[in-house]
Amino acid sequence: MSYELIEVAYEEQFATITLNNPKRRNALSLKCMQELTTALREVGESPARGIILAANGPAFSAGHDFADMANGDLEFMRKLLRTCTTMMNTLQEIPQPVLARVHAIATAAGCQLVATCDLAVASTEAAFATPGGKGGWFCTTPMVALSRNIGRKRAMEMLLTGDPIDAQTAADWGLVNRVVQPEQLEEESLRLLGAATRGSFFSKALGKQAYYAQMEMPQPLAYSYAMEVMAAASQIPDAQEGMRAFLEKRKPQFDERS
């Protein structure tokens, strides 16, 4: 389908979803978030094995669009934040690994977007901030994703001060996987996503789902859950093929889409 504020492109085994409202610094307006959610679901059901989330213009994303919100009543704000939460959850619910390719600043819900993706590669020109700490509206929902990526004291520093961190600090703190020069950003993003999508698609999809599920569990429950998932997954055709290939010292032949 066609979109107004984003672009979707398929090339070989990957899909790229690009935020494309540079005049508004790719602000996450209600319409943008609805389009992005629809696109993620579309790609999630496609043959693509991995997804790159990118952006055009001077910012990766400036977060929520205050033009949407300045006169919003309580019910509208609840709708907007529910839409945002649905979009973030969709990133983790679809089977493919999603990699954020961050070329520039990502703030507030834009930073949340990066934190929610499975993987992230940043340019040395990128920066990250949750600026609500400087203003009158604290970054409470971005806090959820941020605090699940970096340590407590570091998350509180970003949230309370609102000060930006550079890309290398973001990597040191665990918000992104890699930092590269701008001219290497596309190449490194494809390299990492390629590594993350090799092997059995279906096995990896189960693994991604299990990862996010067990993260919220106490350790004994997490082990119990993971044990059952792993036992059940051992019976899928790709798992059996992987074991046979190892024993027979040959390259496994997995189903292209599973």
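- For the protein, an unreviewed UniProt entry supplies the name Enoyl-CoA hydratase domain-containing protein 3, mitochondrial and the organism Ktedonobacter racemifer DSM 44963.
- As recorded by UniProt, the Sequence similarities (unreviewed entry) comment attached to the protein reads in full: "Belongs to the enoyl-CoA hydratase/isomerase family."

**Regarding the domain arrangement of the protein**
Think of interface size as the accessible area that goes away when the parts come together; that is how it is often given.
Next, step 1: Entries for the protein in the domain assignment read domain 1 (6-197) and domain 2 (201-248).
Next, step 2: Distance between the C-alpha centres of domain 1 and domain 2: 27 Å.
Next, step 3: Contacts between the two partners involve 16 residues from domain 1 and, on the opposite side, six residues from domain 2.
Next, step 4: Interface area for domain 1 against domain 2, summed over the two sides, is near 810 Å², with a carbon-plus-sulfur share of 49%.
Next, step 5: Where domain 1 meets domain 2, there are two salt bridges.
Next, step 6: We note a salt bridge from Glu 216 to Arg 148, for which the minimum N-O separation is 3.5 Å.
Next, step 7: Inspection of the region where domain 1 meets domain 2 yields seven residue pairs in polar contact (both at pLDDT 80 or more).
Next, step 8: Those elements that place two or more of their residues in the side of domain 1 that touches domain 2 are α3 (74-93) and α8 (185-197).
Next, step 9: Counting residues per element, the side of domain 1 that touches domain 2 draws most heavily on α8, at three residues.
Next, step 10: Taken together, the residues of the side of domain 1 that touches domain 2 break down into nine nonpolar, four polar and three charged.

**Topic: the layout of surface pockets**
Next, step 1: When its volume is computed, the largest pocket comes out at roughly 740 Å³.
Next, step 2: The wall of the largest pocket is formed by 33 residues, among which Gln 92, Ala 115, Thr 116, Asn 149 and Tyr 212 lie closest to the centre.
Next, step 3: Elements that contribute at least two residues to the lining of the largest pocket include exactly α3, α4 (109-116), β7 (119-123), α5 (140-146) and α9 (201-214).
Next, step 4: Along the lines of polarity and charge, the residues of the lining of the largest pocket split into 17 nonpolar, 10 polar and six charged.
Next, step 5: Per-domain counts for the lining of the largest pocket show at least three residues from each of domain 1 (6-197) and domain 2 (201-248).
Next, step 6: Taken as a whole, the second largest pocket spans an internal volume of roughly 300 Å³.
Next, step 7: Along the wall of the second largest pocket there are 17 residues; nearest its centre are Phe 66, Ala 108, Gly 132, Trp 137 and Cys 139.
Next, step 8: Looking at the lining of the second largest pocket element by element, the count peaks at three residues for α5.

So, how was this worked out
- Residues numbered from 1 in each chain as written.
- Predicted model: local features only at pLDDT ≥ 70, side-chain atom pairs only at ≥ 80, totals over all residues.
- Heavy atoms only, no water.
- UniProt positions renumbered as here; feature names shortened; annotations may be inferred.
- Domains from an automatic or database assignment.
- Contact = heavy atoms within 4.5 Å.
- Buried area = accessible area lost by both parts, 1.4 Å probe.
- Salt bridge = Lys/Arg side-chain N within 4 Å of Asp/Glu carboxyl O.
- Polar contact = N/O pair within 3.5 Å; in protein donor to acceptor, adjacent residues only side chain to side chain.
- Helix = DSSP H or I, 4+ residues; strand = E, 2+ residues; numbered from the N terminus.
- Nonpolar A, V, L, I, M, F, W, Y, C, P; charged D, E, K, R; others polar.
- 1 Å grid on protein atoms, 1.4 Å probe; cavity = no way out; pocket = protein on both sides within 12 Å on 5 of 7 lines; lining within 4 Å.
- Points joined across faces, edges and corners; volume = space filled by probe spheres on them.

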